[in-house]
Amino acid sequence: MMSRMFKKWIIPGFAVSVFVAGCSDRVSSGKDMDVLTRSPWRYEKAGFADEEGSFDALDPRIAGNEKDNTIIFCKDGTGYSEFTHRSKTGNPDSLPFIWALQSDSVFYFQDQYYKVRVLTPRRLEIYADQKFGGVSTRYTIILKR
């Protein structure tokens, strides 16, 4: 009886605890992950910053209905951009992605590595410094709740 209980509950419980402990250093803190995954986000703006570090317009790729998409980060490192329009079946369409928040404030999102400037319960600002033809520029994405 005890042997069956051991195999049924203790061994799987140990395996889960080892897995959780092994994954715990992949994010900067549990608090940051909770803030990021707590509820959906929406684009406030995204684009290339000018020399003073500010910009006013949405990136043309995020114009139109895309700016109204809901960005959802799941705790397992997956996520999706849920479109505002509905499919023929009445369900919202979505585009999946993977993401990772690393301990040094590096954030992998939309197939690129960004640095986290701000992460609060209401605002996420990430940026990537890039060079185009010898000119340095900064691409920034700001999401809000």
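This one's a predicted model, so the numbers in the text were calculated from it and none came from an experiment. Per chain, residues are indexed from 1 in the order of the written sequence. For a predicted model such as this one, the threshold for reporting local features is a pLDDT of at least 70, and the threshold for listing and counting side-chain atom pairs is 80 or more; totals across whole chains, interfaces and linings nevertheless cover every residue. The side-chain numbers reported here are obtained from all heavy atoms of the structure, hydrogens and water having been left aside.

Q: Before we move on, could you go through the side chain of Ser 81 and cite the residues and values that matter?
A: Numbering of helices and strands runs from the N terminus; a helix is a DSSP stretch of H or I covering at least four residues, while a strand is a stretch of E covering at least two. Topologically, Ser 81 is positioned in strand 3 (residues 78–86). At a separation of 3.3 Å, a polar atom in the side chain of Ser 81 contacts the side chain of Asn 69. We call two residues in contact when some of their heavy atoms are within 4.5 Å. Sequence-distant contacts of Ser 81, defined by excluding residues within four places in its chain, comprise Asn 69, Thr 70, Ile 71, Asp 93, Ser 94, Leu 95 and Phe 97. In the analysis that follows, any N or O atom pair within 3.5 Å is treated as a polar contact, provided that within protein one partner can donate a hydrogen and the other can accept it, and provided that, for residues neighboring in sequence, both atoms belong to side chains.

Q: Now, about the nonpolar core: what can you tell me, with residues and values included?
A: Grouped together as the largest cluster of nonpolar side chains are 19 residues, with contacts concentrated most on Phe 73, Phe 107, Phe 109 and Ile 141. For this core, the secondary structure elements donating two or more residues are helix 2 (30–37), strand 1 (42–48), strand 2 (70–73), strand 6 (106–109), strand 8 (123–132) and strand 9 (135–144). The contacts of Phe 73, once residues within four sequence positions are left out, are Leu 36, Thr 37, Trp 41, Thr 78, Gly 79, Phe 97, Trp 99, Phe 107, Phe 109, Leu 124 and Leu 143. Definition used in this section: a nonpolar core is a set of buried Ala, Val, Leu, Ile, Met, Phe, Trp, Tyr and Cys residues joined via side-chain atoms within 4.5 Å. Each residue gets one of three labels from its accessible area relative to the maximum for its type: buried under 20%, exposed over 50%, partly exposed in between, using a 1.4 Å probe on protein chains only.

Q: Account for unusual backbone geometry, with residues named and values stated.
A: The phi dihedral of Gln 110 is positive, around 55°, even though this residue is not glycine. Structurally, Gln 110 is set in the loop between strand 6 and strand 7 (112–120). Look at Asp 111: it is not a glycine, yet its phi comes out positive at around 60°. Structurally, Asp 111 can be placed in the loop between strand 6 and strand 7.

So yeah, pure geometry; function would need other evidence.
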